Amino acid sequence: MELTGIASYLVSFLTFAGVYAVLALGLNMQWGFTGQFNIGIAGFFAVGAYTSAILTTPGSPAYLGGFGLPFLVGLGGAVIASALIGVIIGLITARLRTDYLAIASIGIAEMIRLFIKNEDWLSNGVRGIAGIPRPLQGTPLDTPLGYLLVVVVFVVGVYFLVERAYASPWGRVLRAIRENEPATAAAGKDIANFRLQAFVLGSAIMGLGGGLYAHFFGFLSPEAFRPLYGTFIVWVMLIAGGSGNNRGAILGAVVVWGIWSVTELFTDMLPAEHATQGAALRVLLIGVLLQVILVLRPQGLLPEKPPRLIARDRRSR
């Protein structure tokens with residue numbers, strides 16, 4: 001029984017880590033590639049989750065839904081909805097820099113969360129959406145392990161696409177904007193357009209992560225998309241793993257989620273009267289971890305490396 005419990009816990013842990021890995025890859029597209037300081041991850045996370053839930057759940061008079069569409073259609077809708085929101089926000093904020101973009105993005109993310117929380121006709125408000133179907137219902141793979149395999153497939157697929165984008169001429173333009181924007185503009189590149197493209201693609205990937213989360217957890221509530229869970233921890237994952245490195249984003253998601261999960265096990269052992277302090281202690285430990293990484297390994301566990309073709313060209317000179 002103990003081995004079964006440990007195996008179930010590991011499957012759940014890896015599934016959550018995979019969902020966060022998708023979010024970290026989306027953030028890496030924005031911050032790691034282009035240097036866009038987006039603190040509104042939770043907004044796109046929520047849009048993707050609720051869109052997929054609404055499209056795939058059975059009918060209910062409590063909220064918009066009842067479409068009962070397949071899992072992949074729900075994920076496709078999550079990606080499209082997040083991309084459309086990304087276009088709207090990107091057109092407004094693409095020209096903003098660093099702290100201005102951060103303030104605008106976190107404000108918009110909170111607006112999205114509060115809209116979901118208060119518009120009962122759309123999302124059932126604080127009562128949330130339950131009964132979100134799993135992707136493999138009615139098949140032998142309708143198990144937690146089966147859903148883990150689904151998440152792994154999407155993580156690998158997103159990693160492959162983002163890695164190809166990183167090594168492409170388009171990705172080189174994004175890194176040039178990040179490193180020296182005036183020189184890139186002098187070379188004739190449309191800075192605002194490239195920023196918008198990276199922002200929208202990153203937002204779409206975050207929406208995909210939200211859809212995967214909805215179908216794994218099976219229940220959605222606005223509280224799941226607070227800045228702590230939807231934004232702050234994703235930033236820690238990317239910085240810890242290595243900003244600009246897609247493998248680092250995945251590694252950071254696994255490591256930081258592992259630390260977060262282990263601290264939960266320890267705080268659950270505390271007496272009931274200290275439960276609130278235990279939750280705050282977990283946040284403090286993650287903050288301390290971030291500070292330690294910034295001091296000892298400011299480039300993360302896996303620092304950014306140039307694509308192989310560029311590295312080979314430099315060696316041949």
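Everything numeric in this text was worked out from a predicted model, so none of it was measured. Counting from 1, residues in each chain are numbered in the order their sequence is written. At least 70 in pLDDT is required for a residue's local features to be given in this predicted model, at least 80 for side-chain atom pairs to be given and counted, and no such filter applies to totals for whole chains, interfaces and linings, which use all residues. The side-chain figures draw on all heavy atoms in the structure; neither hydrogens nor water molecules are used.

### Looking at the overall build of the protein chain
Right, on to step 1. Only DSSP runs of H or I covering at least 4 residues are called helices, and only runs of E covering at least 2 are called strands; the numbering of each starts at the N terminus. Counting its secondary structure elements, the protein chain contains 13 helices and two strands.
Right, on to step 2. Values of the radius of gyration come from C-alpha atoms, whereas the globule rule sets the reference at 2.2 Å times the count of residues to the power 0.38. Against the 2.2 N^0.38 benchmark of 20 Å for 317 residues, the protein chain shows a C-alpha radius of gyration of 20 Å, consistent with a compact globule.
Right, on to step 3. Here the C-alpha coordinates of the protein chain stretch approximately 60 × 40 × 40 Å along the principal axes.
Right, on to step 4. Counting the 317 residues in the protein chain, one finds 48% classified as buried.
Right, on to step 5. Total accessible area on the protein chain stands at roughly 15,400 Å², and carbon and sulfur atoms take up 69% of it.
Right, on to step 6. For this count, His and the chain ends are skipped, Lys and Arg are scored as positive, and Asp and Glu as negative. Charged side chains are reduced to one point each, which is NZ for Lys, CZ for Arg, CG for Asp and CD for Glu. A gap of 13 Å separates the mean positions of the 22 positive and 16 negative side-chain charges of the protein chain. Buried, partly exposed and exposed residues are distinguished by accessible area as a fraction of the type maximum, computed with a 1.4 Å probe on protein chains only: under 20%, between the cut-offs, and over 50%, respectively. With residues, only the protein chains shown are counted as cover, and all accessible areas are computed by Shrake-Rupley using a 1.4 Å probe.

### Observations concerning a nonpolar patch on the surface
Right, on to step 1. A residue counts toward a patch only above 30% relative accessible area and without a salt bridge, and it is joined to like-charged neighbours within 9 Å or, for Val, Leu, Ile, Met, Phe, Trp and Tyr, to nonpolar neighbours within 5 Å. Each salt bridge in this description consists of a side-chain nitrogen of Lys or Arg and a carboxyl oxygen of Asp or Glu lying within 4 Å of one another. A cluster of nonpolar side chains, Leu281, Leu284, Leu285, Val288, Val292, Val295 and Leu296, forms an exposed patch at the surface whose accessible area comes to about 640 Å².
Right, on to step 2. You can call Val288 partly exposed: its relative accessible area is 42%.

### Regarding the layout of surface pockets
Right, on to step 1. The rule is simple: put a 1 Å grid over the protein atoms alone, call a set of points where a 1.4 Å probe fits but cannot get out a cavity, call an open set with protein on both sides within 12 Å along at least five of seven lines a pocket, and count a residue as lining if it has an atom within 4 Å of a point. Grid points are joined across faces, edges and corners, and a volume is the space filled by probe spheres set on the points. Of the pockets and cavities examined, the largest pocket occupies roughly 510 Å³.
Right, on to step 2. Counting only elements with at least two residues in the lining of the largest pocket, the list comes to helix 1 (2-34), helix 9 (191-217), strand 2 (219-220) and helix 11 (246-267).
Right, on to step 3. Broken down by element, the lining of the largest pocket gets its largest block of residues, five residues, from helix 1.
Right, on to step 4. Polarity classes work like this: nonpolar for Ala, Val, Leu, Ile, Met, Phe, Trp, Tyr, Cys and Pro, charged for Asp, Glu, Lys and Arg, and polar for all others, with Gly in that last group. For the lining of the largest pocket, a count of residues per class yields 13 nonpolar, three polar and four charged.

### Looking at the packing of helix 6 (residues 144-167) against helix 7 (residues 169-179)
Right, on to step 1. Lines are fitted to the C-alpha atoms to define the axes, a helix being fitted only along its stretch in contact, and any angle between axes, read from their N-to-C directions, falls within 0 to 180 degrees. Orientation of helix 6 relative to helix 7, taken along the N-to-C sense of each, is 70 degrees, at an axis distance of 4 Å. The angle between helix 6 and helix 7 falls in the class roughly perpendicular. The residues of helix 7 that touch helix 6, namely those facing Ala165, Tyr166 and Ala167, are Pro169, Trp170, Gly171, Arg172 and Arg175.
Right, on to step 2. Across the contact of helix 6 with helix 7, the residue classes tally to five nonpolar, one polar and two charged. Angular relationships are summarised with four words: roughly parallel below 35 degrees, roughly antiparallel beyond 145, roughly perpendicular across 65 to 115, and oblique for the angles in between. In this description, contact between two residues means that some pair of their heavy atoms is separated by no more than 4.5 Å.

### Re the pattern of salt bridges
Right, on to step 1. Under the criterion given, the structure shown has seven salt bridges.
Right, on to step 2. Across the salt bridge formed by Arg113 and Glu223, the nearest N and O atoms sit 3.9 Å from each other. Of this pair, Arg113 sits in helix 4 (residues 98-118) while Glu223 is found in the loop between strand 2 and helix 10 (227-241), placing the two residues 110 residues apart along the sequence.
Right, on to step 3. Glu304 is the partner of Arg178 in a salt bridge, and the nearest nitrogen-oxygen pair spans 3.1 Å. With Arg178 in helix 7 and Glu304 in the loop between helix 12 (275-296) and helix 13 (308-316), this pair connects stretches of sequence that are 126 residues apart.

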